[in-house]
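# Survey of secondary and tertiary structure
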Amino acid sequence: MQAASGKMYKIGFDNDKYLKMQSGRIKERIAEFGGKLYLEFGGKLFDDYHASRVLPGFQPDSKLQMLLQLKEQAEIVIAISAQDIENSKLRADLGITYDVDVIRLIDAFRRRGFYVGSVVLTKYAPHPKTAAFEERLKNMGIPVYRHYIIEGYPSDIPHIVSEKGYGANDYIETMRSLVVITAPGPGSGKMATCLSQLYHENKRGIKAGYAKFETFPIWNLPLNHPVNTAYEAATADLNDINMIDPWHLAAYGETTVNYNRDVEIFPVLKAMFERIYGECPYKSPTDMGVNMAGFCITDDEVVCESSRQEIIRRYFSSLCSAARGINKRDEIFKLELLMNQAEITSDSRRCTVPARRIAEQTGEPAAAIELNDGTLITGKTSKLLGCASAMLLNALKYLAGINDETLLIVPEVILPIQELKVNHLGNHNPRLHTDEVLIALSVSALHDKNAAAAMEQLRKLNHCEMHSSVLLAQVDEGIMKKLGIRLTCDPGGSNTKITH
């Protein structure tokens, strides 16, 4: 099915302006502290796909590109909690443990010419997994430091800011003016690492400062702006709450947005700064930040709509996780509240409506994709193809200008694959998944100009929105992700199986 709307994929964020403004602001902050800055780097550094979805035009590696402009001044320190190593904590978006991600980050930084100074093991306690990881890093030539759990943290300021608190931590040897403290995920101890270093630097007579780089919430957008609401949706599992920064309002009479954890911890940070330096250089949590993203939005309407779509995607993701047996009750409840606040429903996602309608009409799973020109393409379940596979072929035909009735893959090619799946590989479902369809299409493209033309359209699927009336198999989800398609699924559907 095809239904053009005239809507086009639009850019709402000036990435080049962002790179210049952001690197410039960090340089200013380094100068403000006399030449050395510990920068707590929050969020994803290499692959910030959330930011690229809610701020169309923001490149997933924008923060990395920004840092490249400061490469000669910067060194990287990666923090990882020893407890996360012991518990084999996973980075869900990549499916790898935090310790493996640290190695990945080191390699990625080095490939781009960054100096990786060291790794710090926070909340350190002896454990075989931690010891093995420490040994692996040392064999790679990476200095490793240990920071310990401090009794009374974060409330017992006199003990924390003392020789028995921060003083008991290893002093991380750093060489450059900008020390970027990053981590594989939240709860890794980045802020504590920065503050511990400030204590040790001050003891040595070295003047150093601290700043925080978090992209979201965007401090100079309204509290309930969809971009900031989308951040709450993204952190629904952490129960982060956006709020007006009361410290900033009291100090300057200006309304800015921060999130609850930074606002709640600020009195503690202020007291720590006062104990280390004699005074606190900041009057509010907003003061600590250096984020310039809000100044680089070029089309507010575009980013608002993109953010609303992100909230809906997060909602579907939580529903599907719950269908797979993960307890998401509180998270789903919060996301429903955020959707009400944003005045949207699941039907506000255009591709959900035709997918559900066809599923209802046929009694079988269905899928729909909204292309970047606003056209809606659907796919039905058949004896040969699953709904996602059918939708994919239909979309490629539309993009290539090929007639609907034209077969891109003849049954003679599909049937042997089905026979292999059922008779030799033990599959009960003979229908082709999207990876199998793409392989068959690429083979057909050797001798068929239509198949070849369809293959050329794959890159045009990037940024497209898709919905399935049922949970898809992991292989189909993976293919859609690789193609840059933003997939959502209903948690179940009209058929009896939970996945299709």
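Residues numbered from 1 in each chain as written. Predicted model: local features only at pLDDT ≥ 70, side-chain atom pairs only at ≥ 80, totals over all residues. Heavy atoms only, no water.

## Digging into helix H18 (residues 434–444)
- Those residues of H18 lying buried are Thr434, Glu436, Val437, Leu438, Ala440, Leu441 and Ser444.
- Contacts made by the buried residues of H18 are with helix H16 (387–400), helix H17 (411–424), helix H19 (449–455) and helix H20 (474–482). (Buried < 20%, exposed > 50% of the residue type's maximum accessible area, 1.4 Å probe, protein only. Helix = DSSP H or I, 4+ residues; strand = E, 2+ residues; numbered from the N terminus. Contact = heavy atoms within 4.5 Å.)

## A few points about the pattern of salt bridges
- Applying the stated rule across the entire model yields 28 salt bridges.
- The closest approach of N and O atoms between Glu274 and Lys270, which form a salt bridge, is 2.7 Å. Taken together, the positions of Glu274 and Lys270, both in helix H11 (residues 260–277) and four residues apart, correspond to about one turn of that helix.
- Exposure remark for Lys270: the relative accessible area of 26% places this residue in the partly exposed category. (Salt bridge = Lys/Arg side-chain N within 4 Å of Asp/Glu carboxyl O.)

## Considering the packing of aromatic side chains
- Enumeration over the complete set of coordinates arrives at 16 aromatic pairs.
- Ring geometry for Phe33 against Tyr282: centres 6.0 Å apart, planes inclined by 70°, an arrangement best described as edge-to-face. Of this pair, Phe33 sits in the loop between helix H1 (15–32) and strand S2 (37–41) while Tyr282 is found in the loop between H11 and helix H12 (285–288), placing the two residues 249 residues apart along the sequence.
- Ring geometry for Tyr166 against Tyr199: centres 6.4 Å apart, planes inclined by 50°, an arrangement best described as tilted. A residue pair is termed long-range when its members are at least 10 positions apart, and Tyr166 in the loop between helix H7 (157–160) and strand S8 (178–182) and Tyr199 in helix H8 (residues 190–203) qualify at 33 residues. The same class applies to Tyr166 and to Tyr199, which are both buried.
- Three or more aromatic residues joined by ring pairs make a cluster, and in this case those are Phe33, Tyr210, Phe273, Tyr277 and Tyr282.
- When the ring centre of Tyr171 is taken as reference, the NZ or CZ atom of Arg204 above it lies at 3.7 Å. (Phe/Tyr/Trp six-rings, centres within 6.5 Å; stacked < 30°, edge-to-face > 60°. Lys NZ or Arg CZ within 6 Å of the ring centre and 35° of its normal.)

## A closer look at H8
- Under the 1.5 Å per step criterion, the end-to-end length of H8 is 20 Å for 14 residues, consistent within 8% with the ideal 20 Å.
- When you tally the buried positions in H8, you get eleven out of 14 residues, the bulk of the element.
- Among the residues making up H8, those that are buried are Lys190, Met191, Thr193, Cys194, Leu195, Ser196, Gln197, Leu198, Tyr199, His200 and Glu201.
- The positive-phi residue at the C-terminal boundary of H8 is Gly205, with phi of around 75°. (Expected span 1.5 Å × (residues − 1).)

## Quick look at a nonpolar patch on the surface
- On the surface, Ile439, Val443 and Leu446 cluster together into a nonpolar patch covering about 320 Å² of accessible area.
- Residue position: Ile439 is located in helix H18. (Patch = residues over 30% accessible without salt bridge, like charges linked within 9 Å, V, L, I, M, F, W, Y side chains within 5 Å. Areas by Shrake-Rupley, 256 points an atom, 1.4 Å probe, with all protein chains shown as cover.)

## Re the nonpolar core
- In this structure, Ile26, Leu55, Leu67, Phe109, Val119, Leu178 and Tyr282 are the most contacted members of the largest nonpolar core, which totals 98 residues.
- In this view, Leu178 contacts Ile26, Ile30, Leu37, Leu39, Leu67, Leu70, Gln73, Ala74 and Glu75; residues no more than four positions away in its chain are not counted.
- If you look at the next biggest cluster of nonpolar residues, it comprises 36 residues, including Met391, Ala395, Leu396 and Leu471. (Core = buried A, V, L, I, M, F, W, Y, C linked by side-chain atoms within 4.5 Å.)

## Structural notes on the side chain of His147
- Along the chain, His147 turns up in strand S7 (residues 144–148).
- Judged by its relative accessible area of 4%, His147 falls in the buried class.
- Among the polar contacts made by the side chain of His147, one reaches the main-chain carbonyl oxygen of Asp170 at a distance of 3.0 Å.
- With residues up to four places along the chain from it excluded, the contact list for His147 reads Val120, Leu121, Thr122, Lys123, Tyr124, Asn169, Asp170, Ile172, Thr193 and Ser196. (Polar contact = N/O pair within 3.5 Å; in protein donor to acceptor, adjacent residues only side chain to side chain.)

## Quick notes on the pairing of S2
- With five of five residues buried, S2 lies mostly within the body of the structure.
- Here four bridges tie S2 to S8, and the two strands are oriented parallel to one another. Counterpart to Leu37 in the pairing with S8 is Leu178.
- Note that S2 and strand S9 (residues 209–213) share five bridges and pair parallel. In the sheet register, Leu37 faces S9, and the bridge partner there is Gly209. (Pairing = 2+ DSSP bridges.)

## Here we look at the confidence of the model for the chain
- For the chain, per-residue confidence averages 92 on the pLDDT scale, and 97% of positions sit at 70 or higher.
- Low pLDDT, under 50, characterises residues 494–500; the predicted model gives this stretch 23 contacts beyond four residues in sequence or across chains. (pLDDT = per-residue confidence, 0-100.)

## Side note on the sheet that holds S8
- What the six strands build is an open sheet, ordered S7-S6-S3-S8-S2-S9; its pairing is parallel. For this open sheet the edge positions go to S7 and S9, each flanked by a neighbour on one side alone. Here the average twist between neighbouring strands, direction ignored, is 25°.
- Contacting strand S3 (74–81), strand S6 (115–124) and S8, helix H5 (residues 98–111) runs over the sheet at an angle of about 175° to S3. (Axes fitted to C-alpha atoms, helices over the stretch in contact; angles between N-to-C directions.)

## Things to note about the packing of H5 against helix H6 (residues 128–139)
- Close contact between H5 and H6 brings their axes to 11 Å; oriented N to C, the two are set at 10°. In terms of their interaxial angle, H5 and H6 are classed as roughly parallel. Seen along the crossing, H5 lies across H6 with a hand that is right-handed. Facing H5, whose interface residues are Asp99, Val102, Ile103 and Ile106, H6 presents Phe133, Arg136 and Leu137.
- Looking at the contact of H5 with H6 residue by residue, the classes come out as five nonpolar, no polar and two charged. (Parallel < 35°, antiparallel > 145°, perpendicular 65-115°, else oblique. Left-handed = near helix turned anticlockwise from the far one by under 90°. Nonpolar A, V, L, I, M, F, W, Y, C, P; charged D, E, K, R; others polar.)

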